[in-house]
Amino acid sequence: MRRLLLVTALVLLGGCMVGPDYRRPSVPVPDGWRAAGAPAAAPAQPTDLGGWWHAFGDRTLDTLVDQALAGNLDLKTVAARVREARATRVISASGLFPSIGTSASYERTRPFSKHSQVGSLLPDNRAEVNLFQGDFDASWELDVFGGIRRGVEAADADIAAAEDDERDVRVTLLAEVARDYVEIRSLERRIAIAAENIDSQRSSVALTEDRFRTGLASELDVRQARSLLATTESAVPVLESQREQTLHALSVLVGREPNALQDDLARPAPIPGAAAPDALAVRIPVGLPSDLLRRRPDVRRAERQVAAATARIGVATADLFPKVSLTGLAGLESVSTGDLFTGGSRYFTAGPTISWSIFEGGRLRANVAVQDARADQALHGYVKAVLTALEDVEDSLVAYGKERNRHVALVSAAGENRRSVVLARDLYVHGLGTYLAVLDAERAQYASEDTLVQGDEALALDLVATYKALGGGWAPPAEEVAAR
């Protein structure tokens, strides 16, 4: 009865867990976004952040995203880390259950030499003996102070952190795929514009040469026309090199060799979203700043790291208290198989064990202090992650709003410069203007058209940055959505 009462008391004590209980940190966030020129609030049917790239309506981009999700090596690496975290949790939880084992053995032994004092007294048939043994053992450390359960709690938080780390890599990956694809299409357009201006400038060279031969223009006009043509031609190899390098980077992102996408992207296509940037802008489901705490994977991961660090304070604190274990061993042992299973062959041992580290030179309390300091570090990291997330969204909204205003001016400038070239040439042909005016107009036309394409690219990249800043690229589990 005393033993039963002791075991019962120890099991009841198992409900106690030392160390702090985790509470989700409270971080103040603003009520809304303050970014000037931010896109309007989400309409009745906003674009799903989980598949934001579909908003661009580009099938090639959709295909590249699918390839990246299937083949990217960084994504496969973090997926393996999730499996590792889940397996580690099983290891941590195993301490809550008894450890049970069994063994069996057979030995033939000569315990004493025949020429020893004892061996010389034994008959020959007893000098060597058989020994048959089988046993069953069990041990169970009672989690009286909750150290093991705190370890499981930390492992659960580690799993969630690993899952959010995988989501964060996914969000970054999809944004990088879109960025590289947009840059490729932009470079294609810039190469095409350079080619168009080269054709126009070749016509100018031919015009000045004809006028020089007839005495209506000086050799200086010819030299200047040729110089501008050569300068424009020199820009093409640089743009082509940049396109090839970006294409190589995109191929590696989708988990393929650098030249794997050459055929897939051989035909030029428009910059995604360049045709209707305003239509895309109002479809961004910006939401509230507080939504980032649930949406951004890096913020979620940082919060789970705080939870894991808090639980490990309890693990370290439990080491300050006694450890109680129940152990038992039962078996059969005999020198012959005939009586191995009789009552006389049985042996056993059972009982509780209590161990307590009384003096460790301050190691145990120092370990508690270490875990407490790590929890503080994790907490500060979480607060920083929240602030960084807010900064990312504000920056991306500001950049996109200002770029839209700039884009309007770039479109106007490009139109005016194209008209200026026509007028300058007409005046030059009729002898009413200088060729210097033609050169200036052609330079301005090429520069404005090239800048306009870069503006189209910037608009698309700002959209991508906004989706990434909002945590787009993964869908929350159904239970999380239902709990909101």
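Before any of the text, the structure's been laid out above.
Below, the structure is looked at part by part. (Residues numbered from 1 in each chain as written. Predicted model: local features only at pLDDT ≥ 70, side-chain atom pairs only at ≥ 80, totals over all residues. Heavy atoms only, no water.)

### Some thoughts on the pattern of salt bridges
- One pass over the full model with this rule turns up 35 salt bridges.
- With its nearest N and O atoms 2.8 Å apart, the salt bridge here joins Arg-190 to Asp-450. Linking Arg-190 in helix H5 (residues 147–213) with Asp-450 in helix H11 (residues 435–469), this pair joins segments that are 260 residues apart in sequence.
- Taking relative accessible area as the criterion, Asp-450 reaches 9% and is therefore assigned buried.
- Here Arg-243 ties to Glu-244 by a salt bridge, and the two come within 3.4 Å at their closest N and O atoms.
- Judged by relative accessible area, Arg-243 falls into the buried class, the value being 10%.
- Looking at Glu-244, the relative accessible area reads 29%, which means it is partly exposed.
- Through salt bridges that share partners, Arg-81, Asp-165, Asp-168 and Arg-301 make up one connected network. (Salt bridge = Lys/Arg side-chain N within 4 Å of Asp/Glu carboxyl O. Helix = DSSP H or I, 4+ residues; strand = E, 2+ residues; numbered from the N terminus. Buried < 20%, exposed > 50% of the residue type's maximum accessible area, 1.4 Å probe, protein only.)

### Looking at the sheet that holds strand S1 (residues 99–109)
- Spatial strand order, S1-S2-S3-S4: four strands in an open sheet with antiparallel pairing. In this open sheet, the two strands that pair with only one neighbour each are S1 and strand S4 (346–355). When strand polarity is set aside, the average angle formed by the axes of neighbouring strands in this sheet is 15 degrees.
- Sheet topology places S1 next to strand S2 (residues 129–142); eleven bridges connect them, and they run antiparallel. Within S2, the residue paired with Glu-107 across the bridge is Leu-131. (Pairing = 2+ DSSP bridges. Axes fitted to C-alpha atoms, helices over the stretch in contact; angles between N-to-C directions.)

### Regarding the packing of helix H2 (residues 59–71) against helix H3 (residues 73–93)
- In the contact formed by H2 and H3, the axes pass within 6 Å of each other and the chain directions differ by 40 degrees. Between H2 and H3, the interaxial angle falls into the category oblique. Residues Ala-68, Leu-69, Ala-70 and Gly-71 of H2 form the contact with H3, whose participating residues are Leu-73, Leu-75 and Lys-76.
- Of the residues in the contact of H2 with H3, the class split is five nonpolar, one polar and one charged. (Parallel < 35°, antiparallel > 145°, perpendicular 65-115°, else oblique. Contact = heavy atoms within 4.5 Å. Nonpolar A, V, L, I, M, F, W, Y, C, P; charged D, E, K, R; others polar.)

### Describing the environment of Gly-472
- Among the secondary structure elements, Gly-472 is positioned in the loop between H11 and helix H12 (478–483).
- Residues Gly-472 and Leu-49, 423 residues apart in the sequence, show an inter-C-alpha distance of 4.5 Å.
- Not counting residues within four places of it along the chain, the set of residues in contact with Gly-472 comprises Leu-49, Trp-52, Val-171, Arg-295 and Tyr-467.

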